[in-house]
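# Per-entry structural report
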Amino acid sequence: MSKPEEKKKSKSKVEINRKILYRQRVLIIISIIFVAYGLLFYYVPLGGWIMAFQNYKPKDGLLHSTFVGLDKFKFLFSDATFLRVIRNTFCMGLLNLIFPTTLFPIAFAVLLNEMRSLGGKRVVQTISYLPHFLSWIIVTGILHDSLSNSGIVNELLLKFHIIKDPIGFFSTPKLFWGIVCFAHLWKEMGWNAIIYLSAISSIDPNLYEAAAIDGAGRWGKIWYVTLPSLRPTIIVLLLMNMGFILNAGFEVQYLLGNGLVKNVSDTIDIYVLTWGVSQNDYSLGTAAGIFKSVVSIVIIMIANAIAKKTGEGRLF
Amino acid sequence: MKETKENKGQENGISLDTSVRKDKIKVATINEKRHGKLKVGDIIFYTCNAIIMIAVCVITLYPVLNTLAISFNDGVDAVRGGVHLIPRMFTWTNYTTVLGKKDIMQGALISVLRTVIGTLLALAANALLAFIVAQRKFVFRSQLALFWVITMYVNGGMIPTLLLYQKLHLTGTFWVYVIPAMISGFNMLVMRTYMEGLPDSLQEAAEIDGAGFFTIFLKVISPLCKPVYATVALFVAVGQWNSWFDTMLYNRFATQYTTLQYELMKLLSSVTSLKGSTGANTTPGSGVNITPISVRSAATILTMAPIVMLYPFLQRYFVTGLTIGGVKE
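Quick look at the structure, then. Just so it is clear, the model here is predicted, and its values are computed rather than measured.

### Digging into the interface of chain A and chain B
In this complex, chain A contributes 86 residues to the contact, which on the side of chain B involves 86 residues. Roughly 7,800 Å² of surface becomes buried between chain A and chain B when both sides are summed, with 75% attributable to carbon and sulfur atoms. Considering only the side of chain A, the residues that lose the most area to chain B are Phe34(A), Arg116(A) and Phe133(A), jointly responsible for 10% of the buried surface there. Of the charged contacts in the structure, one is a salt bridge between Arg296(B) and Asp145(A), with a shortest N-O distance of 2.7 Å. The interface formed by chain A and chain B includes 18 residue pairs in polar contact (both at pLDDT 80 or more). With 17 residues, helix 2 (residues 25–47) of chain A is the largest single contributor of residues to the side of chain A that touches chain B.

### A few points about the environment of Thr140(A)
Its place among the elements puts Thr140(A) in helix 7 (residues 136–147). Taking the C-alpha atoms as reference points, Thr140(A) and Leu255(A), 115 residues apart in sequence, are found 6.8 Å from one another. Among residues more than four places away in sequence, those in contact with Thr140(A) are Val252(A), Leu255(A), Leu256(A) and Leu268(B).

### Notes on the pattern of salt bridges
Applying the stated rule across the entire model yields 16 salt bridges over all chains. In this structure, the salt-bridge partner of Asp269(A) is Lys292(A), at a minimum N-O distance of 3.1 Å. You can see Asp269(A) sitting in helix 14 (residues 268–278) and its partner Lys292(A) sitting in helix 15 (residues 282–310), a full 23 residues away along the chain. According to the relative accessible area criterion, Asp269(A) is buried, its value standing at 12%. Salt-bridge contacts for Asp77(B) lead to Arg88(B); the nearest nitrogen and oxygen are separated by 3.1 Å. Here Asp77(B) is found in helix 3 (residues 75–79), whereas its partner Arg88(B) is found in the loop between helix 3 and helix 4 (93–100), with 11 residues between them in sequence. Accessibility expressed as a relative area gives 4% for Asp77(B), which makes it buried. Note on Arg88(B): relative accessible area 37%, which makes it partly exposed.

Cut-offs applied
Residues numbered from 1 in each chain as written. Chains lettered and ligands numbered in written order. Predicted model: local features only at pLDDT ≥ 70, side-chain atom pairs only at ≥ 80, totals over all residues. Heavy atoms only, no water. Contact = heavy atoms within 4.5 Å. Buried area = accessible area lost by both parts, 1.4 Å probe. Salt bridge = Lys/Arg side-chain N within 4 Å of Asp/Glu carboxyl O. Polar contact = N/O pair within 3.5 Å; in protein donor to acceptor, adjacent residues only side chain to side chain. Helix = DSSP H or I, 4+ residues; strand = E, 2+ residues; numbered from the N terminus. Buried < 20%, exposed > 50% of the residue type's maximum accessible area, 1.4 Å probe, protein only.

Shown next, in the form of C-alpha cells:
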C-alpha cells in the first residue's frame, strides 16, 4: 500500500481499490524492490545514451558536458572503419544465422532421427552438445591448436597431398568468416538441434504411416512429413534469432582476430571496446552501441511483422 | 493384509511381465518388418548416416582429446608434433606447473565462488520474481512482466553500463560478477511459465489454511518447481563459470578478482603471440621442459573438468529447460 501510485496506471481487469491494494501489500512491496533493482541496472544505463549526443567528459558528468548534436553519429558514418565493421558484423551474423543456427541443426536432427540404433542416437546426441557448455576461451584455444601450422587439419591436408605448404588459417583474411562460422557450428550445432529433435519426436506417427501407404519412401517422408511439421518451429526460431544477428559478433572475433585479419574480423562491439574503453571516447563508443541496439530492435520489429503476416504467430 | 498386498504385488508383477512381453513382441515384429523390407538403398542410407554421425562425433571429440593428450605430454616433445590421442612422453609436469601458478589458483577460487554465490542469488531472485508475476490475482502483474520483458530486448550497451558500475563502485570488486546478473528476464519467464502450469488449487488450499506469502512460496510452490529450478541453475552456473569478458572489462586491474577463464585467456594470447615461432620455448631457468602450449593445454583441461564431470548428471535438465523456454509466449 505504501507507494502504489508510483506505478503506471493499470488497465488490468481487476478493479483497483484500497482494499485490494492493502491485501496485496506484500506483493507490491516486493515488486517495488524488484522494479528499483531493474531501473538501476537496466533502465539507468539507457539514460547514458545522452552521452552519444554530447562531448562527454568524465569530470563534467552527464549534466555539464557540452551537447554536440549528431556530430558523433556523423563521424561514425564518415569513418571507413565503422562502415567496414558494420559489414563484418552483419555478414558474420547472417552466416551464423543460416548455417550453425538453422540449416545444419535441422539436417543433423533429421539424420539423427533416422538412426536405427537408439543407443547410438543417444551417444551421438550427448557428444554433440557437450561443446555448448565450454567457454569461447576454450573453444578458440582448441581451434587455434587444430588450425595451426602443425595442427591436425594442416597435417591431414599435407598427408593426403591436397596442399603443399601448410595453410596459415589465421593470417588469411579470406578464410576468417568461414572459421568463425565453423567455430559456431562446432560449438552450437548439437545444442541448436535439441529443439528440432523434440519437435520431430512430437510429430504424429500416423502421418508417417499415411505417407507410407501413399507410397512415400524415406526421402518422401522427410520431405512431405518431417520438414513441413517442423515449419512453425523453424520459422519462429529463425525470426527470434534474427534479432541477435548483430549480437553474435564479439567473443569469437575478439579471441580469434589478429592484426593480419583486422579488416574482416572487427565487429561493432570490438569497435565500441576500442573507442570507448581503450581510447576513452565514451561518446563515440556509446553512439556505436546505440546504432547496434536500434538496428537490432528494427530487425526484431520486422521479424515480428513477418511472423504475423505468415500466420505463424507473433513472437511477443 | 500383508498377503493381499503381496498378492497384489504378484498380480502387478505378472501384468507388468505380460506387458513387457507384448512390447517385446511388438518390437520384434517391427524389427522383422524393417529387416524384411531392408533394401539395398536402406543399407546404403544407414551406412552413410552412421558415417556422418561418427564424423560429427570425431570432429567434436578429437580436438578435446588431443588437448588432453598434449596436456600429459612432455612440452618440448609435443612441439615436434605427432601427438594425437595418446601422450608420447607422459608427464605430470604441465599440471604441477599450472597448479603451482598463484594467479591461476586464485582465479579458480574466484570462479568457484562466483559460480556458487551467483547461482544461488540468481535462483532466489528469479524464483521470487517469477512467483509474483505468476500470481493471477496480482493487480500489477502484467505491468511487472512487461517491465522485465523490455530488459530482454533493450539495454544501455557496454559504455553506459561500465560507467554505471564505476559510479556504483562495483568495478574492482567481486560483486560486479553476481549483483548485476541476479535477474534475467528470460530465466524469470521460464520459471513463470512453469509455475503457471501448476494447479491454482494448491495455493488456494494453502491460503485457506492460513499460509502467508513466503510460506506458500517456500513450502508449497518451490518444492514442485525443482525441475525448472535445476534447469535455470544449470544455465546460470555454466554462464558464470564460462564468463570472462566481465573480468576483462570491470576487474582487469583488480588482479585478486580475476577469474580462471580470464587467466586462461592470458595464457592463450601469450601462446598466439608466439605463433610465428612455435619452436621450443622452454621457460628459461626452470630447467623443466615446459612450453606455453603444454601449460595452456593443462589449464584448458582443468577449466573444462568441472563441466565435463558434472555433465552426465546435468544432462537430463537441458531438454526440459529448452522445451519450457520454447513454449513461452
